[in-house]
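Chain by chain, the residues run as shown.
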Amino acid sequence: MQYSKPPLTLAQQVSLLQQRGMVVADPAAAQEALGRLSYYRLAAYFLVFQIPGDATHHFRPGTRFADALALYEFDEALRRLFFQASSTIEIALRARMVYHGALAHGPHWFTQPQRAADPNKFARNLAEIDYELGRAHEVFLDHYRRTYTPPARPPAWMTLEVVSFGLLSKILRNLAPAPFTKAIAAEFGLDESILQSWITALCSIRNVCAHHGRLWNRILTRRPRLPTRPRRLWLAPVPGGVRADRVYVMAAVCAYLLDRITPQHTFKADLRTLLAGYPQVPLRSMGFSTDWTSDPFWQ
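Residues numbered from 1 in each chain as written. Predicted model: local features only at pLDDT ≥ 70, side-chain atom pairs only at ≥ 80, totals over all residues. Heavy atoms only, no water.

This part takes up unusual backbone geometry. Along the chain, T149 connects to P150 via a cis peptide bond; the corresponding omega equals -20°. Relative to the helices and strands, P150 resides in the loop between α6 (139-147) and α7 (156-162). For the peptide bond that leads from P150 to P151, omega is -5°, which places it in the cis range. If you check the backbone angles, S38 has positive phi at about 85° while not being a glycine. (Helix = DSSP H or I, 4+ residues; strand = E, 2+ residues; numbered from the N terminus.)

This is the structure:
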C-alpha cells in the first residue's frame with residue numbers, strides 16, 4: 001500500500017488529537033510541546049491512552065494531553081536515572097578489567113588470544129578496538145604514539161579507556177574463565193556468567209537511554225540472568241517470580257552493582273522519589289509490584 005499521509009502543522013496535529021477525543025486544555029502549550037518533542041515521539045505515549053482495538057486511534061474518555069506529556073516527562077527522568085547509574089557502573093567495570101587483567105597478564109592482556117573464549121569473536125573485538133583507537137585523539141594516546149613503538153596498541157589502561165561500553169561488554173563476555181576473570185566478577189559480588197549477563201543487559205538499557213527511546217514499559221530483549229545464590233542482599237522472592245524482561249529487574253541490577261561500587265549512592269532513594277512523584281504511572285507495566293518498596297533490598 002502506498003503511503004499517502006500528508007505532513008501536518010502543529011495546529012493541525014493538536015486538532016487531530018482533539019478529533020480523536022483527547023482533551024487539550026491549552027492548545028498553545030500543546031503546540032509548543034509537539035514542536036519541541038515531535039508528534040511521533042509522543043505517539044508512543046499516546047498509545048496507552050487509546051481505546052484498545054480501535055482502528056481510528058480514539059482515546060479513552062477523559063484522556064488529557066497533559067497526562068500523556070506527564071508520562072513522557074516521567075520516562076525522560078527515568079532514562080536520566082538509568083543513564084547516570086550505568087555510567088558509574090561502566091567506569092567501575094573499566095577500572096576492574098584493566099586492573100585485574102594487567103596484574104595477571106601484563107599491560108596488553110586484551111591482545112592475547114589465549115584470554116578469549118571464542119577466537120572469532122576475539123578477532124572481531126580486536127578489529128573494533130583498532131577502529132576506536134584510530135579515531136580517538138586523547139592527549140594520553142597521542143603522547144603514547146609519539147613516544148612508544150612497538151607495540152602499536154597502547155596498554156589496557158589507555159586502550160580500554162576509549163572503547164565504547166558496548167565493546168567493553170563484548171570483551172568481557174568473551175573472556176575465557178580464569179582467576180583474573182573471577183576476581184573481576186568478585187569485585188561486584190557476582191560470579192562471571194551473571195556479571196556478563198548483567199552488563200550485556202545494561203548496555204541495551206544504556207543504548208535506549210542514549211538514543212532517548214521509550215523505557216518505562218519496554219519489554220527487554222536483553223534479559224539479565226537472575227542469581228539463584230546471590231552473594232549479597234537481593235530481591236526477596238515474590239509469587240510468580242520477578243519478570244526478567246521488565247525495567248524493574250534492571251533497576252535491581254543497577255542498585256545491586258551500585259551497592260558494591262559506591263555504597264553511598266542515591267539510586268534507590270531517587271527511584272522511590274521519582275515513582276512517588278508520578279502516581280499515575282502504572283507500576284505493573286514496568287514489572288514493579290504495588291508494595292515493592294517494602295522489600296528489604298530497596299531500604
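F65, L78, F82, L271 and W298 are the most contacted members of the largest nonpolar core, which totals 98 residues. If one sorts the elements of this core by residue count, helix α4 (residues 65-105) sits on top with 18 residues. (Core = buried A, V, L, I, M, F, W, Y, C linked by side-chain atoms within 4.5 Å. Buried < 20%, exposed > 50% of the residue type's maximum accessible area, 1.4 Å probe, protein only.)

For the rest of this paragraph, the subject is the side chain of T63. With respect to the helices and strands, the residue T63 is situated in the loop between α3 (39-46) and α4. Relative accessible area serves as the criterion here: at 4%, T63 is assigned to the buried category. Dropping the residues within four chain positions of it, T63 is found in contact with G21, M22, V23 and F49. (Contact = heavy atoms within 4.5 Å.)

With that settled, the discussion passes to the pattern of salt bridges. Under the counting rule described, the total for this entry stands at 14 salt bridges. A salt bridge links K170 to E128, with the shortest nitrogen-to-oxygen separation between them at 2.9 Å. Taken together, the residues span a long stretch of sequence, with K170 in helix α8 (residues 165-173) and E128 in helix α5 (residues 119-135) at a distance of 42 residues. Look at K170 and you get partly exposed, because its relative accessible area is 33%. The shortest N-O distance in the salt bridge between E192 and K182 comes to 3.3 Å. With E192 in helix α10 (residues 192-210) and K182 in helix α9 (residues 179-187), this pair connects stretches of sequence that are 10 residues apart. Residue classification places E192 among the buried residues on the basis of a relative accessible area of 16%. Among the charged side chains, a salt-bridge network with shared partners connects E90, R94 and R206. (Salt bridge = Lys/Arg side-chain N within 4 Å of Asp/Glu carboxyl O.)

By themselves, these are just geometric observations and shouldn't be taken as functional.
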